[in-house]
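Topology and contacts: notes
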Amino acid sequence: MTILGSGGCTVIPKPLCQCRVCEEARRKGTPYERTGPSAFIHDENILIDTPAEITYQLNRSLIERIDYLIFTHLDPDHVEGFRVVEQVSLDFRTWYAFPEKQIQLILPEPLSERVRNIRSVYGPLIDFYVNRGFIKCTAFREKIRVGSIQITAIPVDRGDQIAFIYVYEKEGIRVVYAPCDIKPFPEDRKEVQGADLLVIQPGIFEAGLKHGFTYPADHISRTTLYTFNETLDLAKRIQAGRVLFIHLEEYWNRSYDDYLAIREGFDNIQFAYDGMQIRI
Ligand SMILES: [Zn+2]
Ligand SMILES: [Zn+2]
């Protein structure tokens with residue numbers, strides 16, 4: 001698996017920002033800079049989410065083929081780069097796709113309906129992409145097999161059922177991928193328990209934030225985000241073998257080196273960086 005982008009809904013460097021973390025990222029580049037949340041599973045060429053920087057990320061990580069695209073949910077930071085399907089498969093002579101470059105968009109049913117809401121001035125993007133052959137859509141209920149990988153979609157019960165946690169399983173090895181909108185985490189589901197790797201966002205850091213800010217007990221972000229300590233507890237409760245933190249927000253005010261320091265004292269956690277490769 002490659003973490004194409006390790007940032008969250010705010011990237012590092014944040015445009016125009018002159019904070020310590022952003023200035024260092026501007027100066028040093030990767031692994032200090034963090035683009036939007038995206039990952040790639042090489043076994044079956046599965047792209048997970050398309051942030052605004054996705055074309056850059058695919059080039060940077062030397063990805064040569066995409067067979068499947070899946071979205072965790074349809075928030076802008078995960079779908080802004082949806083048009084990458086056109087960039088990848090367009091034959092400029094005909095304005096149709098090269099057939100061999102067509103990407104299969106696999107989505108749980110609730111998302112496959114809502115994806116139509118992503119529109120340009122001409123209508124739903126998906127209509128154009130399907131019509132031109134850039135993508136082919138496959139909706140599924142709870143599970144889908146993609147080559148050698150079984151994918152289970154578990155909705156996060158926030159009333160609307162439109163954010164999903166995915167469990168990728170191959171030959172008894174399980175990866176739980178939960179980057180964003182994961183509260184309340186469906187920890188009673190057996191599929192998420194004892195995973196070999198849990199890829200998850202760290203949630204709110206309570207101290208060391210910019211502006212000397214501390215989150216009040218009733219802050220709205222606490223309804224959607226766990227704290228970092230709560231996330232560590234969660235990982236322990238579900239007995240994740242390894243934990244990889246992604247979706248790292250600029251606002252957490254922590255640099256690549258700061259995360260390395262936090263990692264000390266734990267034997268099974270890591271913080272992702274752009275282009276990071278993990279073998280499970
Ligand atoms: Zn900054
Ligand atoms: Zn997000």
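Up top is the structure these notes are about.
Moving on, we come to the overall build of the protein. A count of helices and strands for the protein gives 9 helices and 18 strands. By principal-axis analysis of the C-alpha atoms, the protein measures approximately 55 × 45 × 35 Å. Burial analysis of the protein (280 residues in total) assigns 53% to the buried set. Of the roughly 13200 Å² of accessible surface on the protein, 50% is carried by carbon and sulfur atoms.

Looking now at the pairing of strand β13 (residues 164-170). With 5 of its 7 residues buried, β13 lies for the most part within the structure. As defined by bridge partners, strand β12 (residues 149-155) adjoins β13 across 6 bridges and the pair is classed as antiparallel. Each bridged residue has a counterpart across the sheet, and for Q150 the counterpart in β13 is E169. Bridging between β13 and strand β14 (residues 173-178) involves 5 bridges; their strand directions are antiparallel. When the bridges of β14 are listed, E169 appears paired with R174. The hairpin turn running from β13 into β14, its antiparallel successor, is 2 residues long, and E171 in that turn takes a positive phi close to 50°.

Next up on the list: the coordination of the zinc ion (ligand 2). Summarising the metal site, the zinc ion (ligand 2) is bound by the protein donors D77 (OD), H78 (NE2), C180 (SG) and H247 (NE2), whose distances to it range over 2.1 to 2.3 Å. Mapped onto the sequence, the donors of the zinc ion (ligand 2) take the spacing D-H-x101-C-x66-H. With a relative accessible area of 12%, D77 lands in the buried category. The exposure class of H78 is buried, given its relative accessible area of 0%.

Now for the coordination of the zinc ion (ligand 1). Each protein donor to the zinc ion (ligand 1) is listed here as C17 (SG), C19 (SG), C22 (SG) and E250 (OE); together their distances run 1.9 to 2.3 Å. Taken together, the 4 donor atoms coordinating the zinc ion (ligand 1) and their angles of 105 to 117° define a geometry best described as tetrahedral. Sequence positions of the donors to the zinc ion (ligand 1) reduce to the motif C-x1-C-x2-C-x227-E.

Once that is clear, we can look at the sheet that holds strand β11 (residues 143-146). Taken in spatial order, the 7 strands make up an open sheet running β11-β12-β13-β14-β15-β16-β17, and their pairing is mixed. Bordering the open sheet on either side are β11 and β17 (269-271), each of which pairs with just one other strand. When the angles between neighbouring strand axes are averaged without regard to direction, this sheet yields 20°. Where strand β16 (residues 242-245) meets β17, 3 bridges bridge the pair, whose relative direction is parallel. Within the sheet, the bridge partner assigned to V243 lies in β17 and is I269. Against the sheet, helix α8 (residues 228-237) contacts β15 (197-200), β16 and β17, and its axis sits at roughly 150° relative to β16.

Next up on the list: the sheet that holds strand β2 (residues 38-41). In spatial order, the strands read β10-β7-β4-β3-β2-β1-β18; together these 7 strands make up an open sheet with mixed pairing. The open sheet terminates on both sides in strands that have one partner only, identified here as β10 (135-140) and β18 (276-277). Bridge count between strand β1 (residues 2-5) and β18: 2 bridges; the pairing is antiparallel. Residue pairing in the sheet places I3 in a bridge with M276 of β18.

The next subject is the environment of G194. Among the secondary structure elements, G194 is positioned in the loop between β14 and β15. Residue classification places G194 among the partly exposed residues on the basis of a relative accessible area of 36%. Beyond its immediate stretch of four places on either side in the chain, G194 contacts R174, I238 and Q239.

Okay, the environment of P108 next. Examined against the element boundaries, P108 turns out to sit in strand β7 (residues 103-108). Along the primary structure P108 and A139 are separated by 31 residues, whereas in three dimensions their C-alpha atoms are 5.5 Å apart. Not counting the four nearest positions on each side in its chain, P108 is found in contact with F140, R141, A153, F164 and Y166.

A full pass over the atoms with the stated rule returns 19 aromatic pairs. Geometrically, the ring pair formed by F82 and Y129 is edge-to-face, given 5.1 Å between the ring centres and 90° between the ring planes. Residue F82 is found in the loop between α3 (76-79) and α4 (84-89), and its partner Y129 is found in helix α6 (residues 125-131); the two are separated by 47 residues along the sequence. Judged by relative accessible area, F82 falls into the buried class, the value being 1%.

So, how was this worked out
Residues numbered from 1 in each chain as written. Chains lettered and ligands numbered in written order. Predicted model: local features only at pLDDT ≥ 70, side-chain atom pairs only at ≥ 80, totals over all residues. Heavy atoms only, no water. Helix = DSSP H or I, 4+ residues; strand = E, 2+ residues; numbered from the N terminus. Buried < 20%, exposed > 50% of the residue type's maximum accessible area, 1.4 Å probe, protein only. Areas by Shrake-Rupley, 256 points an atom, 1.4 Å probe, with all protein chains shown as cover. Pairing = 2+ DSSP bridges. Donors = N, O, S within 2.8 Å, 3.2 Å for Na, K, Ca; no water. Tetrahedral: all angles 85-135°; square planar, octahedral: opposite > 155°, others 65-115°. Axes fitted to C-alpha atoms, helices over the stretch in contact; angles between N-to-C directions. Contact = heavy atoms within 4.5 Å. Phe/Tyr/Trp six-rings, centres within 6.5 Å; stacked < 30°, edge-to-face > 60°.

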